[in-house]
Amino acid sequence: MRKHSLRRWILPLVLILCLLTAAVPSFADWEQRVYDYAGLFTEEEISDMENRLDKLRAEYPFDFVVLTIDDAEGKDTLTYADDFYDREDLGFGYGESYAGILYLIDMDNRVPAISTCGDMIPFMDDERVDIILNNVYDSLVEGNYAESAMIFMDLTEGFITGGIPMDQYYYDPETGQEYTYDEGTGDFYPVDMEVPKSLSLGELALGIIVGLLALLIMQLIIRRKYNLKGSTYSYNSAVNSFMNITDRQDQYIHTTETRHRIQSGNHGGGPRIGGGGGTSIRMGSSGRMHGGGAGRRF
């Protein structure tokens with residue numbers, strides 16, 4: 001009877017242990033990505049959004065954050081979005097460039113905003129940001145805040161899978177300064193500034209080895225061509241050379257130099273705003289560059 005009773009309890013205990021073991025990693029790996037400080041979402045909506053954001057983060061090398069506030073602390077909406085994303089205590093961002101995107105519903109200023117960072121910036125040019133902000137507008141006006149967040153997620157994923165827009169360029173809308181983006185470091189450099197390049201120790205060693213091998217091969221080819229291997233032949237330069245110096249005068253008259261400024265791209269000197277691959281960027285208070293933009297008041 002005792003053996004039969006033990007067998008009856010063993011299987012349920014094993015199943016319970018397996019379920020507990022499987023559940024522990026999911027709780028340990030979970031990281032909050034919905035911050036509803038304005039109290040706009042229900043618990044069920046927050047759960048649905050967290051699950052959606054977790055799937056996006058697992059599938060793409062970017063971070064995704066949804067934020068609502070009712071107090072912007074005196075900041076404009078876009079500045080608040082950038083500063084919140086850059087908070088070190090929250091640890092947002094994927095990889096060395098802190099790649100990711102944040103959607104903010106600012107109930108203080110009644111404005112939505114999108115902040116991008118790192119390798120996410122090239123995917124979200126001004127035109128794509130405007131498309132998202134225009135599509136969430138009706139939901140915000142009607143008070144369907146969770147719906148607007150889901151629209152943001154769906155459109156963002158579609159733009160990521162669509163790839164980086166063609167003819168991409170980056171500019172500061174306040175100064176008109178254009179930048180180039182270094183995908184290796186995630187840094188931006190003014191177009192008239194040479195991007196610093198550095199070699200690793202391995203690349204430097206490989207370059208030296210290749211150069212020495214090339215020098216050795218050239219020497220062997222030259223020696224074989226002229227049959228100088230083991231030879232004691234020497235060239236008598238005193239007997240076989242001569243120099244003839246003639247008198248010549250060059251008269252300098254004048255030189256005319258004309259310079260034309262070549263604009264990058266097919267645009268004027270001012271900043272370019274809108275679609276077509278252009279992305280406005282700005283420096284956050286943390287020193288990181290951000291893209292994105294703010295929408296209309298709702």
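The rules behind these values
- Residues numbered from 1 in each chain as written.
- Predicted model: local features only at pLDDT ≥ 70, side-chain atom pairs only at ≥ 80, totals over all residues.
- Heavy atoms only, no water.
- Helix = DSSP H or I, 4+ residues; strand = E, 2+ residues; numbered from the N terminus.
- Buried < 20%, exposed > 50% of the residue type's maximum accessible area, 1.4 Å probe, protein only.
- Polar contact = N/O pair within 3.5 Å; in protein donor to acceptor, adjacent residues only side chain to side chain.
- Contact = heavy atoms within 4.5 Å.
- Axes fitted to C-alpha atoms, helices over the stretch in contact; angles between N-to-C directions.
- Parallel < 35°, antiparallel > 145°, perpendicular 65-115°, else oblique.
- Nonpolar A, V, L, I, M, F, W, Y, C, P; charged D, E, K, R; others polar.
- Pairing = 2+ DSSP bridges.
- Left-handed = near helix turned anticlockwise from the far one by under 90°.

Student: Describe in detail the side chain of S148, supporting the description with residues and values.
Tutor: Counting through the fold element by element, S148 comes out in helix α5 (residues 145-162). Given a relative accessible area of 0%, S148 falls into the buried group. Among the polar contacts made by the side chain of S148, one reaches the main-chain carbonyl oxygen of Y145 at a distance of 2.6 Å. Once residues lying within four places of it in the same chain are set aside, the contact partners of S148 are Y103, I105, V136, S139 and L140.

Student: Give a description of unusual backbone geometry that names residues and reports values.
Tutor: A positive phi is found at R110, a non-glycine position, where the angle reads about 60°. For R110, the position within the fold is in the loop between β3 (100-106) and β4 (111-117). A residue is classified by how much of its surface remains accessible, and R110, at 27% relative accessible area, is partly exposed. Here D167, not a glycine, exhibits a phi torsion of approximately 55°, which is positive.

Student: Please provide a residue-by-residue account of the packing of helix α2 (residues 43-59) against α5, values included.
Tutor: Put simply, α2 and α5 touch, their axes get as near as 11 Å, and they point 10° apart. Relative to α5, α2 is oriented roughly parallel. Here E45, D48, M49, R52, L53, L56 and E59 of α2 come into contact with α5, specifically with A146, A149, M150, M153, D154 and E157. Taken together, the residues of the contact of α2 with α5 break down into 7 nonpolar, no polar and 6 charged.

Student: Quick one: what's the story with the pairing of strand β10 (residues 289-294), residue by residue and with numbers?
Tutor: Burial within β10 is extensive, with 5 of its 6 residues counted as buried. In terms of strand pairing, β4 meets β10 through 5 bridges, oriented antiparallel. Residue C117 lies in a different strand from β10, and its bridge partner there is H290. When strand β9 (residues 282-283) meets β10, the two strands line up antiparallel, connected through 2 bridges. If you follow R282 over to β10, its bridge partner there is H290. Count of turn residues in the β9/β10 antiparallel hairpin: 5 residues, of which G287 carries a positive phi of about 100°.

Student: Explain the side chain of R288 to me, and be specific about the residues and the numbers.
Tutor: The residue R288 is located in the loop between β9 and β10 in this model. Within the structure, the side chain of R288 is placed 3.2 Å from the side chain of D86, a separation counted as a polar contact. If sequence neighbours within four positions are ignored, R288 has contacts with Y85, D86, Y98, C117, R282 and M283.

Student: Can you lay out the sheet that holds strand β1 (residues 34-36) for me, pointing to particular residues and giving the numbers?
Tutor: The mixed open sheet is built from 6 strands, whose spatial order is β1-β2-β3-β4-β10-β9. Of all strands in the sheet, those bounded by a partner on one side alone are β1 and β9. As defined by bridge partners, strand β2 (residues 63-69) adjoins β3 across 7 bridges and the pair is classed as parallel. By the bridge assignment, V65 is partnered in β3 with L102. In the packing of α5 onto the sheet, the strands contacted are β2, β3 and β4, and the crossing angle to β3 comes to about 155°.

Student: Quick one: what's the story with the packing of helix α4 (residues 126-141) against α5, residue by residue and with numbers?
Tutor: For the pair α4 and α5, interaxial distance at closest approach is 8 Å and the crossing angle is 160°. By the angle between their directions, the pair α4 and α5 is classed as roughly antiparallel. Of the two possible hands of crossing, α4 and α5 adopt the one that is right-handed. The segment α4 lies against α5, with R128, I131, I132, N135, V136, S139 and L140 engaging Y145, E147, S148, I151, F152, L155, T156, F159 and G162.

Student: Give me the sheet that holds strand β5 (residues 169-171): which residues, what numbers.
Tutor: Spatially, β7-β6-β5-β8 is the arrangement adopted by the 4 strands of the open sheet, whose pairing is mixed. Each end of this open sheet is capped by a strand with a single partner; those strands are β7 (187-190) and β8 (278-280). Adjacent strand axes in the sheet meet at a mean angle of 40° when their direction is disregarded. Of the pairings in the sheet, the one linking β5 to β8 comprises 3 bridges and is parallel in character. Among the inter-strand pairings, Y169 is bridged to a residue of β8, identified as G278.

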